[in-house]
Amino acid sequence: MTHILHLDASPRGDRSISRTLSKEFINQWKTTHPNDTITYRDIGHDPVPFVSEDWIAAAFTPSDQHTPELAAAIQVSNELIDEFLSADRYVFSIPMYNFSIPANFKAYLDQIVRAGRTFSVDETGYKGLVHNKKMTIIIAQGGAYPEGSPTHTYDLQTPYLKHIFGFIGITDIEFVYADSLNLGDEARNLAIANAQAALKAAIAH
Ligand SMILES: Cc1cc2nc3c(=O)[nH]c(=O)nc-3n(C[C@H](O)[C@H](O)[C@H](O)COP(=O)(O)O)c2cc1C
């Protein structure tokens, strides 16, 4: 039995392509894996807070020394990390904003990428603490940045996501792109159909 964390980052509702694709994926997954369990987090509609001065102090103070203020400041991070670590598989849908991730997803990462919880650091360097997880990242993009194209280096979203999840130990990541969404109906419809086909294939493995 697999436990999935399904997360949407688009602030849009039904108009969101990334959200629509992740919903389709999860619905198909439920049909083919009826015993699996799913937790849903919608940071597009319910963003998580930015880190604060008390958050930073709490993150670097042993929890048995937390004042009530520090404990309160780090509580959301603790809950998000517990939720994240309890999943075996992640299905994250993330639009491209300004060639990178939306600010709400960065705020989420700032909450879950935490020394002692998802990575460790000592004199030998950094180590990821999150192992044996699979991740599917569905990306919606107005343009297109495929490998070998002149615009490939504009895509700072994919390398950053690979880097930050690799940093905490997650390397088994499949990226599914719905790109070209602002490049006319034909390109858009083809890209959505390709993403749907890739997601269908991902259900099988
Ligand atoms: C604030 C903002 C910034 C965007 N920046 C980019 C960008 O840099 N490159 C790109 O290809 N598309 C960009 N887009 C287009 C979105 O990636 C595209 O509309 C996508 O469908 C949004 O995801 P959603 O449909 O799930 O909401 C941007 C859209 C918004 C609203």
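Residues numbered from 1 in each chain as written. Predicted model: local features only at pLDDT ≥ 70, side-chain atom pairs only at ≥ 80, totals over all residues. Heavy atoms only, no water.

Here we take up the environment of F84. Among the structural elements, F84 can be located in helix α3 (residues 68-85). In this structure F84 comes out as buried when scored by relative accessible area, which is 0%. Spatially, the C-alpha atom of F84 lies 23 Å from that of T32, the residues being 52 residues apart in sequence. Among all residues touching F84, those that are not within four sequence positions of it are L5, Y90, F92, Y108, I112, V130, M135, F165, I168 and I170. (Helix = DSSP H or I, 4+ residues; strand = E, 2+ residues; numbered from the N terminus. Buried < 20%, exposed > 50% of the residue type's maximum accessible area, 1.4 Å probe, protein only. Contact = heavy atoms within 4.5 Å.)

Taken together, 17 residues surround the ligand, and among them S10, S16, S18, F99 and Y145 come closest. One nitrogen or oxygen atom from the main chain of N98 is found 2.8 Å from a nitrogen atom belonging to the ligand. At 2.5 Å from an oxygen atom of the ligand is found a side-chain nitrogen or oxygen belonging to Y145. Classifying every residue of the shell around the ligand by side-chain character gives 8 nonpolar, 8 polar and 1 charged. (Near = heavy atom within 4 Å. Polar contact = N/O pair within 3.5 Å; in protein donor to acceptor, adjacent residues only side chain to side chain. Nonpolar A, V, L, I, M, F, W, Y, C, P; charged D, E, K, R; others polar.)

Examined against the element boundaries, D8 turns out to sit in strand β1 (residues 3-8). A distance of 2.6 Å separates a polar atom in the side chain of D8 from a polar atom in the side chain of Y40. Looking at D8, its side chain comes within polar contact range of the side chain of S93, at 2.7 Å. Look past the residues within four positions of D8 in its chain and what remains in contact with it is R19, S22, Y40, R41, D42, I43, G44 and S93.

Here we come to the pattern of salt bridges. The tally for this structure, following the rule as stated, stands at 6 salt bridges. For the salt bridge of R19 with D8, the shortest nitrogen-to-oxygen distance reads 3.7 Å. Of the two residues, R19 is situated in helix α1 (residues 17-32) and D8 in strand β1; the sequence distance between them amounts to 11 residues. Across the pair, D8 and R19 agree in class, each one buried. A salt bridge links K106 to D110; its shortest N-O distance comes to 3.0 Å. You can see K106 and its partner D110 sitting in helix α4 (residues 103-112), 4 residues apart, about one turn around the helix. Taking relative accessible area as the criterion, K106 reaches 35% and is therefore assigned partly exposed. Judged by relative accessible area, which is 29%, D110 ranks as partly exposed. Among the charged side chains, a salt-bridge network with shared partners connects D8, R19 and D42. (Salt bridge = Lys/Arg side-chain N within 4 Å of Asp/Glu carboxyl O.)

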